Structures are given as C-alpha cells and as structure tokens.
Amino acid sequence: MGYTTSTVHGIEVPNSSEANDVPEDIGKVVTALESGSLVKRLTGAAIAALTAPQKPAGLVVYNTTANTLQVSDGTNFRDVPSFGSSGAWTAWTPTLGQGGTVTWDAGASRARYLQVGKLVTAYCELKVTGSGVAGQPITVSLPAVAAAIGAGGGTFYCFDPGVAHWVGAANVAATTYCALYRDGATDKFGVAGPTLGAADVVSMSVTYEIA
C-alpha cells in the first residue's frame, strides 16, 4: 500500500488510489502520535513556505530556528508566550550612566527582572562607587531590548546620604535604556538633580514591552 506523509504533522496517510487497510492505517497514526509528531518541528524557512491550506487557524508548530512554539492565525504564525514554570526573577547587570558609565558596587546592589511573554518587569537598587557628570541625565540600561521608545516606564528614587533624595519617573527613552526624569520637571533628570558620587543610591522599577 502506498502512503503519503503529511507536510505539517508528519502522519502517514494512505494514497487515495490504494485500498484501505484500516488496522495498518490506525497503527501508523498511533505510532506518529506516540513519537510526538502531533506538534511538528519545522524550520523557520519551512514554516514560511507553508501554503494557506497547510496553516489553518489554530495550527501549532515548533519553530526550530527560533526555538519557540507558534500558532497560526490562518495567515501568519505567532509566537506562543513562554510562561516560566517557577516565576523566578533573573539577575542582570545594568549599566548606570551620567555623561559616561558610572561604576557601582555589585556586592551592595541588586538587580532583577521577570519576563512573561513580551512583558518585562525590572528593578534595581545600585550603590554608586564612581562619579557622574554634573548637568547630565541619569540613565539605566534595560535587561532586554524594548519594542520601541516609550514602550513602558516606571519610577525611580535617588538618594544622596545626609544630603537629599529625589523621586521621579523612569521612561524608556531608547530601546536599550531608561532615562530618569525628576518629579515636576519636563527635562531628563540631571540638570536640577544630583551629580552621582560614591555612596549615592539609584533605584529604578520599570515595566515595558520587549521587541
């Protein structure tokens, strides 16, 4: 008996010109299902080459090029958001800047982020060890590239021990970093804010969409 293997699922089906052998046909389907063929593994190129009848809405495939599960909307395949099983936060090392890179104490600081699908929530509390440049905006890098400028935001807090503290907004000013804006001001935090120096603390919390 002749068989044809389906393009997407890899399940063998009998050629229409052949007489059916029901037990054998069922056995081949069961074997395919037990081998995990129900969700077919295809390269990005193979997925792009699928014709309309081969990608009905709701069809699920695993893209081996992008290493992600995808579902068809009838026209295109969309990534299925990856939900972490543990919900654990991941450590990251931000770059702190004020007219140049400003160093901070890794042992006395913390920085974590949590990603659910394309939504990232990140926070950091950095104890400064270096010096910033007066009059320059304070920036903090993001743990993952943002979808676009203005794709999210949050809050920040700067503390100069024994001197003063400042609060304001953290805005996704570029796809790779946030700029800190002092409360009540329209310009980037820096002109009327502190010049970062040793022992200062910069805290930021931001939620944004990644690319």
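Residues numbered from 1 in each chain as written. Predicted model: local features only at pLDDT ≥ 70, side-chain atom pairs only at ≥ 80, totals over all residues. Heavy atoms only, no water.

1. Describing a nonpolar patch on the surface
Stage number 1. Together, Val 39, Leu 69 and Val 80 line one region of the surface with nonpolar side chains, adding up to about 180 Å² of accessible area.
Stage number 2. Tracing the sequence through the fold places Val 39 in the loop between helix 1 (22–34) and strand 3 (40–42).
Stage number 3. According to the relative accessible area criterion, Val 39 is partly exposed, its value standing at 35%. (Patch = residues over 30% accessible without salt bridge, like charges linked within 9 Å, V, L, I, M, F, W, Y side chains within 5 Å. Areas by Shrake-Rupley, 256 points an atom, 1.4 Å probe, with all protein chains shown as cover. Salt bridge = Lys/Arg side-chain N within 4 Å of Asp/Glu carboxyl O. Helix = DSSP H or I, 4+ residues; strand = E, 2+ residues; numbered from the N terminus. Buried < 20%, exposed > 50% of the residue type's maximum accessible area, 1.4 Å probe, protein only.)

2. Comments concerning the pairing of strand 11 (residues 119–127)
Stage number 1. Side-chain alternation along strand 11 places Val 120, Ala 122, Cys 124 and Leu 126 on a buried face and Leu 119, Thr 121, Tyr 123, Glu 125 and Lys 127 on a face that remains uncovered.
Stage number 2. Across seven bridges, the pairing between strand 10 (residues 110–116) and strand 11 is antiparallel. Counterpart to Leu 114 in the pairing with strand 11 is Thr 121.
Stage number 3. Between strand 10 and strand 11, which pair antiparallel and follow one another directly, the connecting turn spans two residues, one of which, Gly 117, has a positive phi of 60°. (Pairing = 2+ DSSP bridges.)

3. Here's the deal with the confidence of the model for the protein
Stage number 1. Confidence in the prediction of the protein, expressed as mean pLDDT, is 82, and 73% of residues score 70 or more.
Stage number 2. Ranking the elements of the protein by mean pLDDT puts strand 1 (residues 3–5) last with 60 and strand 9 (residues 101–102) first with 97. (pLDDT = per-residue confidence, 0-100.)

4. Details of the pairing of strand 16 (residues 201–209)
As a general feature of sheets, a regular strand has side chains that alternate between the two faces.
Stage number 1. Note that strand 11 and strand 16 share nine bridges and pair antiparallel. Bridge assignment links Ala 122 to a residue of strand 16, and that residue is Val 206.
Stage number 2. Of the strand pairs in this sheet, strand 13 (residues 152–160) and strand 16 are connected by eight bridges, and their pairing is antiparallel. Bridge pairing links Cys 158 to Val 202 in strand 16.

5. With respect to the nonpolar core
Stage number 1. Core analysis: the biggest nonpolar cluster contains 27 residues, and Leu 96, Leu 180, Val 202, Met 204 and Tyr 208 have the highest contact counts within it.
Stage number 2. Of all the secondary-structure elements, those providing two or more residues to this core are strand 10, strand 11, strand 13, strand 14 (164–174), strand 15 (177–182) and strand 16.
Stage number 3. Excluding anything up to four places from it in sequence, Met 204 contacts Ala 122, Tyr 123, Cys 124, Val 140, Thr 155, Phe 156, Ala 170, Cys 178 and Leu 180.
Stage number 4. With six residues, the next largest nonpolar core counts Leu 42, Ile 47, Leu 50 and Leu 59 among its residues. (Core = buried A, V, L, I, M, F, W, Y, C linked by side-chain atoms within 4.5 Å. Contact = heavy atoms within 4.5 Å.)

6. Some details on the packing of aromatic side chains
Stage number 1. The final tally for this structure, using the stated rule, is three aromatic pairs.
Stage number 2. Measuring from ring centre to ring centre gives 6.4 Å for Trp 92 and Tyr 113, while their planes differ by 85°; the resulting arrangement is edge-to-face. Taken together, the positions of Trp 92 in the loop between strand 7 (90–91) and strand 8 (96–97) and Tyr 113 in strand 10 put the pair 21 residues apart, joining distant regions of the chain. Like Trp 92, the residue Tyr 113 is buried in the burial classification.
Stage number 3. Look at Tyr 157 and Phe 159: their rings are 6.4 Å apart centre to centre, the planes differ by 15°, and that puts the pair in the stacked class. (Phe/Tyr/Trp six-rings, centres within 6.5 Å; stacked < 30°, edge-to-face > 60°.)

7. Thoughts on the sheet that holds strand 3
Stage number 1. Pairing is mixed in the open sheet, where four strands are placed in the order 3-4-5-6. The open sheet has two free edges, formed respectively by strand 3 and strand 6 (77–79), since each of these has just one partner strand. Across the sheet, the mean angle from the axis of one strand to that of its neighbour is 40°, orientation sign disregarded.
Stage number 2. Pairing geometry for strand 4 (residues 60–63) and strand 5 (residues 68–72), over four bridges, is antiparallel. Bridging across to strand 5, Val 61 finds its partner in Gln 70. (Axes fitted to C-alpha atoms, helices over the stretch in contact; angles between N-to-C directions.)

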